[in-house]
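The residues making up each chain are set out below.
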Amino acid sequence: MGPMTETSTQSAIQHPGEDRSNDLRRRSAAVEPAALRTYTPSQAVLARSQGCYHWTPEGRKLADFTSGVLVANLGHNPTRWWQRVLKYLGLDALPAGGDFFSASTLTAYNALTPLEVEASERLVASLQSQPGGKRLEQVMWAGTGSEAVQKAIWAALEQRPDANVILATRNGFHGKKGLAGAVTGSELDHDRDPRVRFISFPTVECKSVARRREPLDLTPYRNELAGLVGEYGRRLCCLVTEPYLGGGGSFHPQKEYLQLLERFCREQDMVFILDEVQANFGRTGSLYAFSEYGVEPDIVVLGKGLGNGVPVDAAVGRADLFAKMHYGQGSDTWSGSPLGCAAVLATLDEFETTDVLAHARKLSAVIEGGLCRLTELPTVAQVRGEGVVWGVECAAAGGRTAEQIAVACVEACYLGDTKGRAIHLLGPLAGKVLRVSPPLVMPLDEAREYLDVMYQIFARVASG
Ligand SMILES: Cc1ncc(COP(=O)(O)O)c(C=O)c1O
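Computed from a predicted structure; not experimentally measured.

**Overview of the site of the ligand**
- Around the ligand, the surrounding shell consists of Thr144, Gly145, Ser146, Phe173, His174, Gly175, Lys177, Glu242, Asp275, Val277, Gln278 and Lys304.
- Here an oxygen atom of the ligand and a backbone polar atom of Gly145 are 2.8 Å apart.
- The separation between an oxygen atom of the ligand and a polar side-chain atom of Lys304 is 2.8 Å.
- Notes on the ligand: free accessible area 390 Å², of which the protein chains cover 82%.
- Counted by class, the shell around the ligand contains two nonpolar, six polar and four charged residues.

**Regarding the sheet that holds strand S14 (residues 426–429)**
- Strand order in this open sheet of four strands is S11-S12-S15-S14, and the pairing throughout is antiparallel. Looking along the sheet, the strands with just one partner apiece sit at the ends: strand S11 (380–386) and S14. Each adjacent strand pair in this sheet contributes to an overall mean axis angle of 20°, direction not counted.
- By the bridge criterion, four bridges tie strand S12 (residues 389–394) to strand S15 (residues 433–436) in an arrangement that is antiparallel. Note that in S15 the partner of Trp390 across the bridge is Val436.

**Considering the sheet that holds strand S9 (residues 299–302)**
- Taken in spatial order, the seven strands make up an open sheet running S4-S10-S9-S8-S7-S5-S6, and their pairing is mixed. Of all the strands in the sheet, the pair left with one neighbour each is strand S4 (138–142) and strand S6 (196–199). Neighbour-to-neighbour, the strand axes of the sheet open up by a mean angle of 20°, direction not taken into account.
- Of the strand pairs in this sheet, strand S5 (residues 165–169) and strand S7 (residues 236–241) are connected by four bridges, and their pairing is parallel. Bridged to Ile166 within S7 is Cys238.
- Strands in contact with helix H4 (residues 114–128) are S4, S9 and strand S10 (313–317); relative to S4, the strand with the most contacts, it is inclined by about 120°.
- Running over the sheet, helix H7 (residues 219–232) touches S5, S6 and S7 and is turned about 160° from S6.

**Focus: the domain arrangement of the protein chain**
- When the domains of the protein chain are assigned, the result is domain 1 (12–77 + 356–463) and domain 2 (114–353).
- For domain 1 and domain 2, the distance between their C-alpha centroids amounts to 27 Å.
- The interface is formed by 35 residues belonging to domain 1 together with 33 residues belonging to domain 2.
- Summing the contributions of domain 1 and of domain 2, the shared interface buries around 2,600 Å²; its carbon and sulfur component is 49%.
- Looking only at domain 1, the three residues that lose the most surface to domain 2 are Leu74, Arg384 and Glu386, adding up to 23% of its buried area.
- Our count for the domain 1 to domain 2 interface comes out at zero salt bridges.
- Of all the secondary structure elements, the ones that give two or more residues to the side of domain 1 that touches domain 2 are helix H2 (67–70), helix H12 (356–374), S11, S12 and S15.

**Description of the pattern of salt bridges**
- For the structure shown, the criterion picks out 27 salt bridges.
- Glu32 is paired through a salt bridge with Arg37; the nearest N and O atoms lie 2.5 Å apart.
- The partner of Glu350 in a salt bridge is Arg84, with the nearest N and O atoms 3.0 Å apart. In this pair, Glu350 sits in helix H11 (residues 338–353) while Arg84 sits in helix H3 (residues 79–88), placing the two residues 266 residues apart along the sequence.
- Connected through salt bridges with shared partners, the residues Lys134, Arg135, Glu262, Arg266, Glu296, Asp298, Arg318 and Asp320 form a single ionic network.

**Overview of the layout of surface pockets**
- Empty space within the second largest pocket amounts to approximately 810 Å³.
- Lining of the second largest pocket is provided by 26 residues; of these, Glu116, Met140, Gly328, Gly330 and Ser331 occupy positions nearest its centre.
- Elements represented by at least two residues in the lining of the second largest pocket include exactly H4, S4 and helix H10 (319–323).
- Per-class residue counts for the lining of the second largest pocket are 14 nonpolar, nine polar and three charged.

**As for unusual backbone geometry**
- At the junction of Gly427 and Pro428, the peptide bond is cis and its omega measures out at 0° in the coordinates.
- Mapping Pro428 onto the fold places it in strand S14.
- One non-glycine residue, Asn171, adopts positive backbone phi at about 65°.
- Along the polypeptide, Asn171 turns up in the loop between S5 and helix H6 (178–182).
- In this structure, Phe281 takes a positive phi of about 60° despite not being glycine.

**Re empty space enclosed by the protein**
- Applying the stated criterion to the full structure yields two cavities of 30 Å³ or more.
- Looking at the second largest cavity, its volume works out to about 40 Å³.
- Residue lining of the second largest cavity: Ile199, Ser200, Tyr221, Glu224, Leu225, Tyr257, Leu260 and Leu261, and that is the complete set.
- Mapped onto the lining of the second largest cavity, the elements with two or more residues apiece are H7 and helix H8 (255–268).
- Of the residues in the lining of the second largest cavity, the class split is six nonpolar, one polar and one charged.

**Remarks on the side chain of Ser335**
- As for its position among the elements, Ser335 is in the loop between H10 and H11.
- Polar contacts involving the side chain of Ser335 include one to the side chain of Lys151, which spans 2.9 Å.
- Side chain to side chain, Ser335 and Asp332 meet in a polar contact 2.3 Å long.

**Some words on the pairing of S9**
- With burial as the criterion, each face of S9 is covered, one bearing Ile299 and Val301 and the other bearing Val300 and Leu302.
- In the sheet, strand S8 (residues 271–275) pairs with S9 via three bridges, with the strands oriented parallel. The residue of S9 that forms the bridge with Ile273 is Ile299.
- Relative to S10, S9 runs antiparallel, the two sharing four bridges. Paired with Leu302 across the bridge in S10 is Ala314.

What counts, and at which threshold
Residues numbered from 1 in each chain as written. Predicted model: local features only at pLDDT ≥ 70, side-chain atom pairs only at ≥ 80, totals over all residues. Heavy atoms only, no water. Near = heavy atom within 4 Å. Polar contact = N/O pair within 3.5 Å; in protein donor to acceptor, adjacent residues only side chain to side chain. Areas by Shrake-Rupley, 256 points an atom, 1.4 Å probe, with all protein chains shown as cover. Nonpolar A, V, L, I, M, F, W, Y, C, P; charged D, E, K, R; others polar. Pairing = 2+ DSSP bridges. Helix = DSSP H or I, 4+ residues; strand = E, 2+ residues; numbered from the N terminus. Axes fitted to C-alpha atoms, helices over the stretch in contact; angles between N-to-C directions. Contact = heavy atoms within 4.5 Å. Domains from an automatic or database assignment. Buried area = accessible area lost by both parts, 1.4 Å probe. Salt bridge = Lys/Arg side-chain N within 4 Å of Asp/Glu carboxyl O. 1 Å grid on protein atoms, 1.4 Å probe; cavity = no way out; pocket = protein on both sides within 12 Å on 5 of 7 lines; lining within 4 Å. Points joined across faces, edges and corners; volume = space filled by probe spheres on them. Buried < 20%, exposed > 50% of the residue type's maximum accessible area, 1.4 Å probe, protein only.

And the structure:
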């Protein structure tokens, strides 16, 4: 089946030789709306996952270059991590007779569990041990990234009764719901929350990754911020941004840009909220991106890699900010769930006792080398990234648009006719950018092998 568009129905996707997957795709379309599916040209059906690989129901092996969506930083189902999760939950030695009294409760509403307190203490200690983490004193758990962003903005809105203007960086992604949806995208989107104003984020177009490391002229950004002070003055409440534009197409700013935003917040008595939902736990090369970028957030939003596959998110920030929220404002059914907290503890254990970050830095160099080679091809316009999160921007070629090329690359990688080697890729994002973000633990030789496969596939798409 040929390339599809975002508007065509997901049920149209069928791939040759995938009888079981095709059957599941058809059955899903009957009982689930297309609105639930994320737009993807492969619509992979994943039956099993281990380490850096997925398997389809037919047993086809896919090298995972997405980590879910930047979730499985430690790889999928790592044995020791699962053992730790089960141990924290008291499920490591289930009695045969059905007596579960030694296990943790799984509910957290209207109660407190030892796991929640331990996870909060450990997470705060971890954040505060990093340069720039000293303001991160208390944890407000959440069930999704959107919820955690919403809670962070709620906290900011409680600070001064006259301050309700929320600044957000244009084309960022913070989630689809509530205030997280309101600070996502740009003023061009429909039904904007009138409290939100967007500011420019550097989107330097450059063929060479090294260009990003050159100094950035901050003058236009400074002027824009000064204009907003003139317009709103003391009504400016908070600023929400990301370490890099992820969903917006992989733009990684110079450090001085985020430092400018942080300084501006201090000068204007605004709350500086850094959304690290997809950057945290090693993506940018350090445990948290704020230390990489040399900034000190008032609130940092965490998610995805925080639970390595278990849904758990959090806004962590200044105690005095959270103290202004009213009792119960941040509570809901799943926040602080024991399963989520056990996953956070196991993830912290792994990062604190292994060399996963050192390996991720080596992997970063391998990925940078492999992806930069792709720019030799006429269908690849640019490669942008850092750490283990990269974007490959496709270029229009041979009468095809960049989006069509990107879709063709995803399909070709997914079908993997290069000696059976197939790659699970994310995208296209922002219409033409493919995301490359394998688990941080991918062995270097396997990364090299699959980057070569990717080159061959992209070259074939270019010549087709
Ligand atoms: C930076 C960032 N913030 C927030 C979110 C929203 O998270 P969720 O999909 O769990 O609501 C995402 C999701 O991709 C994200 O990348």
